[in-house]
Amino acid sequence: MSNHEYGRAFEIWRGAAEADWHAYTHHAFVEQLADGTLPEAQFVHYLRQDYVFLIHFSRAWALAAAKAGTLGEMAAASATVHALVHVEMPLHIETCAAQGIDKGALEATPELPANLAYTRYVLEAGYSGDFLDLMAALAPCVLGYGAIGARLADSGGPYAAWFEVYGGEEFQTLCRDVGALIDAALVRRLGEGWVDLPRATELAHRFKIATRLEQGFWDMAITPPPTVP
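It should be emphasised that the depicted structure is a prediction, and the values quoted were computed from it without experimental measurement.

1. Observations regarding the overall build of the protein chain
Within the protein chain, the regular secondary structure consists of eleven helices and zero strands. Over its C-alpha atoms the protein chain spans a radius of gyration of 17 Å, differing by no more than 12% from the 17 Å that the globule rule assigns to 229 residues. Overall size of the protein chain, expressed as C-alpha extent along the three principal axes, is 50 × 30 × 30 Å. Expressed as a percentage of the 229 residues in the protein chain, the buried residues total 48%. For the protein chain, the share of sequence-separated contacts (at least 6 apart) that also reach a separation of at least 24 residues comes to 79%. By element, 59% of the accessible surface of the protein chain is carried by carbon and sulfur atoms, the whole surface being about 10100 Å². In the protein chain, which carries 15 positive and 28 negative side-chain charges, the distance between the mean positions of the two groups comes to 7 Å.

2. Digging into the packing of helix α4 (residues 40–67) against helix α11 (residues 198–222)
Two numbers describe how α4 lies on α11: the axes approach to 8 Å, and their chain directions differ by 140°. With respect to their mutual orientation, α4 and α11 come out oblique. The residues of α11 that touch α4, namely those facing Q42, H45, Y46, Q49, D50 and F53, are F217, W218, M220, A221 and I222. Looking at side-chain class alone, the contact of α4 with α11 contains seven nonpolar, three polar and one charged residues.

3. Let's talk about the nonpolar core
Ranked by size, the top nonpolar core spans 75 residues in total, and within it W13, Y46, F57, W61, Y145, W162 and W218 carry the most contacts. If we ignore the near neighbours within four places in the chain, the residues touching Y46 are F29, Y145, W162, F217, W218 and A221.

4. A few points about the environment of H205
Structurally, H205 can be placed in helix α11. Between the C-alpha atom of H205 and that of A137, which follows or precedes it by 68 residues, the distance is 9.3 Å.

5. As for helix α5 (residues 71–97)
Between its terminal C-alpha atoms α5 stretches 38 Å, which fits the 39 Å expected from 27 residues at 1.5 Å a residue. At L84, α5 shows its maximal bend, which comes to roughly 35°. When we look at burial in α5, the residues that qualify are E73, A77, T80, V81, L84, E88, M89, H92 and C96. Those residues of α5 that are buried lie in contact with α4, α6 (103–107), α8 (131–152), α9 (160–167) and α10 (169–190).

6. Regarding helix α2 (residues 18–25)
What α2 keeps buried is the set D20, W21, Y24 and T25. Viewed along the axis of α2, the buried residues span an arc of 120°, placing them on a single side of the element. Structural note: α2 exposes E18 and A19 on the side pointing more than 90 degrees away from its buried face. Elements in contact with the buried residues of α2: α1 (8–16), α3 (28–35), α8 and α11.

7. Concerning a nonpolar patch on the surface
A cluster of nonpolar residues, V87, L91 and V165, forms a patch on the protein surface that exposes about 220 Å² of accessible area. Along the chain, L91 turns up in helix α5.

8. A short note on the pattern of salt bridges
Throughout the structure, instances matching the rule amount to eleven salt bridges. Of the charged contacts in the structure, one is a salt bridge between R189 and E73, with a shortest N-O distance of 2.7 Å. Of this pair, R189 sits in helix α10 while E73 sits in helix α5, placing them 116 residues apart in sequence. You can call E73 buried: its relative accessible area is 2%. A salt bridge links R176 to E169, with the nearest nitrogen and oxygen atoms 2.3 Å apart. A relative accessible area of 29% places R176 in the partly exposed class. Judged by relative accessible area, E169 falls into the exposed class, the value being 52%. Taken together, the shared-partner salt bridges connect E124, D130, D133, R199, E202 and R206 into one network.

Procedures and definitions
Residues numbered from 1 in each chain as written. Predicted model: local features only at pLDDT ≥ 70, side-chain atom pairs only at ≥ 80, totals over all residues. Heavy atoms only, no water. Helix = DSSP H or I, 4+ residues; strand = E, 2+ residues; numbered from the N terminus. Rg over C-alpha atoms; globule rule 2.2 N^0.38 Å. Buried < 20%, exposed > 50% of the residue type's maximum accessible area, 1.4 Å probe, protein only. Contact = heavy atoms within 4.5 Å. Areas by Shrake-Rupley, 256 points an atom, 1.4 Å probe, with all protein chains shown as cover. Lys, Arg positive; Asp, Glu negative; His and termini not counted. Charge placed at Lys NZ, Arg CZ, Asp CG, Glu CD. Axes fitted to C-alpha atoms, helices over the stretch in contact; angles between N-to-C directions. Parallel < 35°, antiparallel > 145°, perpendicular 65-115°, else oblique. Nonpolar A, V, L, I, M, F, W, Y, C, P; charged D, E, K, R; others polar. Core = buried A, V, L, I, M, F, W, Y, C linked by side-chain atoms within 4.5 Å. Expected span 1.5 Å × (residues − 1). Bend = angle between axes of the 7 residues up to and from the residue. Arc of directions from axis to C-beta. Patch = residues over 30% accessible without salt bridge, like charges linked within 9 Å, V, L, I, M, F, W, Y side chains within 5 Å. Salt bridge = Lys/Arg side-chain N within 4 Å of Asp/Glu carboxyl O.

By themselves these figures say nothing about function.
Right under this line is the structure:
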């Protein structure tokens, strides 16, 4: 997968955060998923935290619908909320149920600090900023999982289904659509020459911070879960 498949802004932002992007998309957690050495308990720990994450991530995309400047932007944001709430989160519920964790226990999962830091950063970007700020903060999650899935879709092993979801055509289409949404939003608000404006540096910085917070999420995911009294 070449960078430009997810759009011009992604290619520029990813390039400006190259070291952090590599550390995120090639994190030890991801590599252990790919080679099948990640303990199943760690994967379930990740899924529980990711379920909590997706609740806030859905709120952030709903906020994007409220911040949208066109009906097209609103439709894209609301469609993403629908996919998160009605497709991705139910998959987490199903997987955790197979491990003896029912929906009630899943929703009661204590939110760990790295999760809280990341989700609240994204929401704050939307509350205090505009649609572009929110897109820059949201992009590393969507497009990062797409990049990981595209690279490792044929990994096989016990976690093959996870990679197949994010490397599959449905999710890859979502990534291309999000990339196109961001590109169009930038041109609509800042003009064709947006990349040369000071605002471009601010947005690239938001993308970089969110990428580092993704690294922190993986760090949390690969660390044995704390004992809950």
